[in-house]
Amino acid sequence: MPSPLRTGLLAAARSKRLERMASRLPLTRKVVDRFVAGETEQQALATSRDILDSGRFITIDHLGEDTTNSSQATATVSAYLSLLSALAPLAGRDTAAGGPRPVEVSLKLSALGQFVAADGDRIALENAHKICTAAEEAGVWVTVDAEDHTTTDSTLSIVRELRGDFPQLGTVLQAYLTRTEADCADLSGPGSRIRLCKGAYAEPASVAHQGDAVDEAYVRCLRVLMNGRGYPMVATHDPAMVEAGLRLAAEAGRGTDEYELQMLYGIRDTEQLRLVGQQRQLRVYLPYGTEWYGYFMRRLAEKPANLALFLRALTSQ
Ligand code: FDA
């Protein structure tokens, strides 16, 4: 997508005023549904069952981010605890001992209190710890999402601390950040689960590769992860990156259960099923909840076709 348009959409993704306006548009719901599994836990569970039945794995995200309010962070924890108790019966199925877990949840530390004044890191750590404890009991994996670059140091230090108690905790690294190749090397030890994505925020050239350099960095990071001793999670819809992931995994002598591919709900569904048909492990990132605005705007910024879908819905009302 042309850079000024992408930058504008990503700036709009953080506007509370536009969020309020978008939520009031009746047409928005229809388009949002393409990327979001519904507003309720029940809807997320129904979609999860369908995805698991198709042979894919899932990671569920309770939508929300950037809270500065500790009671809102507590409400997010409650939503995850309720979700995890409902997921326990789904999580056990098809799980080989020690193998990949088919059911995972994804967390954003900014939804768990990371931005609460004074004590945000401690609050986010304690909240994430509660969710990880419940996930462990339910047989569900947890991965911590990556947000904008100002949060990376805090997020990785909270993840390191949580890994003391939950060694299988995953984390997301963004290939567009110039620091990420070194983070990949640092975090590719035994048992470490790293989800590598390109990165979805508007980041300055002082910290992030721009344009084609992002793809080149993605492949370099993938090589580090595939040659490491952790469990790489190749999160991309880009055919060239998927191809690079499969090639580098084969070159590193990895079996098909020693890494996985990941795509977002509603994107390249046919391709997801084709890859599963080739016996590839593929996990779908499934967001649900009422706070879909920021997530949805980042999807619009990624691809002109996503924006066109939205504009078509606008004009067909
Ligand atoms: P990119 O958007 O560069 O597209 C490259 C090519 O892929 C396109 O030219 C096209 O061929 C194909 N393609 C892409 N979208 C398509 C579509 N809708 N339909 C058909 N083809 C399409 N980001 C972040 O900052 N923090 C995070 O925690 C996460 N988490 C995360 C989890 C998972 C599972 C995924 C898949 C992604 C994320 N992301 C993320 C988002 C990520 O950073 C990135 O913004 C998007 O995945 C888009 O980048 P791609 O690698 O898909 O390629």
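Residues numbered from 1 in each chain as written. Predicted model: local features only at pLDDT ≥ 70, side-chain atom pairs only at ≥ 80, totals over all residues. Heavy atoms only, no water.

### Thoughts on the site of the ligand
Then, in step 1: The environment of the ligand is formed by 25 residues, the closest being Lys198, Gly199, Thr236, His237 and Glu302.
Then, in step 2: Taking Lys198, its side chain carries an N or O atom lying 2.8 Å from an oxygen atom of the ligand.
Then, in step 3: Taking His237, its side chain carries an N or O atom lying 2.7 Å from an oxygen atom of the ligand.
Then, in step 4: In isolation the ligand exposes 950 Å². Once the protein is present, 82% of that is buried.
Then, in step 5: For the ligand, the cavity whose grid points lie within 2 Å of the majority of its atoms is the largest pocket.
Then, in step 6: Listed by contribution, the elements that provide at least two residues to the shell around the ligand are β4 (170-174), β5 (193-197), β7 (260-264) and α12 (293-302).
Then, in step 7: At three residues, the largest contribution of residues to the shell around the ligand is made by β7.
Then, in step 8: The class makeup of the residues in the shell around the ligand is 11 nonpolar, six polar and eight charged. (Near = heavy atom within 4 Å. Polar contact = N/O pair within 3.5 Å; in protein donor to acceptor, adjacent residues only side chain to side chain. Areas by Shrake-Rupley, 256 points an atom, 1.4 Å probe, with all protein chains shown as cover. 1 Å grid on protein atoms, 1.4 Å probe; cavity = no way out; pocket = protein on both sides within 12 Å on 5 of 7 lines; lining within 4 Å. Sits in = over half its atoms within 2 Å of the grid points. Helix = DSSP H or I, 4+ residues; strand = E, 2+ residues; numbered from the N terminus. Nonpolar A, V, L, I, M, F, W, Y, C, P; charged D, E, K, R; others polar.)

### Quick look at the sheet that holds strand β3 (residues 141-144)
Then, in step 1: As summarised here, the arrangement of the eight strands in space is β1-β2-β3-β4-β5-β6-β7-β8, forming a closed barrel in which the pairing is parallel. Strand-to-strand twist across the sheet, computed as the mean angle between neighbouring axes with direction ignored, equals 30°.
Then, in step 2: As defined by bridge partners, β4 adjoins β5 across five bridges and the pair is classed as parallel. Considered in β5, the bridge of Gln174 is made with Cys197.
Then, in step 3: The strands touched by helix α5 (residues 70-91) are β1 (57-62), β2 (103-107) and β8 (282-288); relative to β2, the strand with the most contacts, the crossing angle is about 170°. (Pairing = 2+ DSSP bridges. Axes fitted to C-alpha atoms, helices over the stretch in contact; angles between N-to-C directions. Contact = heavy atoms within 4.5 Å.)

### Examining unusual backbone geometry
What you tend to see is this: most non-glycine residues have negative phi, and most peptide bonds are trans.
Then, in step 1: With a phi angle near 60°, Asp66 is a residue other than glycine that sits in the positive phi range.
Then, in step 2: For Asp66, the position within the fold is in the loop between β1 and α5.
Then, in step 3: Positive phi, normally seen in glycine, also occurs at Ala118, with a value near 75°.
Then, in step 4: Relative to the helices and strands, Ala118 resides in the loop between β2 and α6 (120-138).
Then, in step 5: Note on Ala118: relative accessible area 91%, which makes it exposed. (Buried < 20%, exposed > 50% of the residue type's maximum accessible area, 1.4 Å probe, protein only.)

### Re α12
Note on helix geometry: an α-helix contains 3.6 residues per turn, so any two residues three or four positions apart are oriented the same way.
Then, in step 1: The buried count for α12 comes to nine of 10 residues, which makes it a mostly enclosed element.
Then, in step 2: Burial in α12 covers these residues: Tyr293, Gly294, Tyr295, Phe296, Met297, Arg298, Arg299, Leu300 and Ala301.

### Observations regarding the pattern of salt bridges
Then, in step 1: All chains considered together, the criterion is met by 18 salt bridges.
Then, in step 2: Between Glu126 and Arg122 there is a salt bridge whose closest N-O contact spans 2.9 Å. Taken together, the residues Glu126 and Arg122, both in helix α6 and four residues apart, mark about one turn of the helix.
Then, in step 3: In this structure Glu126 comes out as partly exposed when scored by relative accessible area, which is 40%.
Then, in step 4: A relative accessible area of 38% means that Arg122 is categorised as partly exposed.
Then, in step 5: The salt bridge partner of Asp183 is Arg179, with a shortest N-O separation of 2.7 Å.
Then, in step 6: A residue is classified by how much of its surface remains accessible, and Asp183, at 9% relative accessible area, is buried.
Then, in step 7: The exposure class of Arg179 is partly exposed, given its relative accessible area of 29%. (Salt bridge = Lys/Arg side-chain N within 4 Å of Asp/Glu carboxyl O.)

### Here's the deal with the side chain of His62
Then, in step 1: In this structure, His62 sits in strand β1.
Then, in step 2: Residue His62 is classed as buried on the basis of its relative accessible area of 18%.
Then, in step 3: Among the polar contacts made by the side chain of His62, one reaches the side chain of Tyr288 at a distance of 3.3 Å.
Then, in step 4: Those residues in contact with His62 that lie beyond four places of it in its chain are Thr76, Ala79, Tyr80, Ser106 and Tyr288.

### Quick word on the packing of helix α1 (residues 3-12) against α12
Relative orientation and spacing of two packed helices are given, respectively, by the angle between their axes and the distance between those axes.
Then, in step 1: It is at 8 Å that the axes of α1 and α12 come closest, and there the two elements cross at 175°. Viewed along their axes, α1 and α12 adopt a mutual orientation that is roughly antiparallel. Contact with α1, carried on its side by Arg6, Leu9, Leu10 and Ala12, involves Tyr293, Met297, Arg298, Leu300 and Ala301 of α12 and no other residues of that element.
Then, in step 2: A per-class count over the contact of α1 with α12 returns seven nonpolar, no polar and two charged. (Parallel < 35°, antiparallel > 145°, perpendicular 65-115°, else oblique.)

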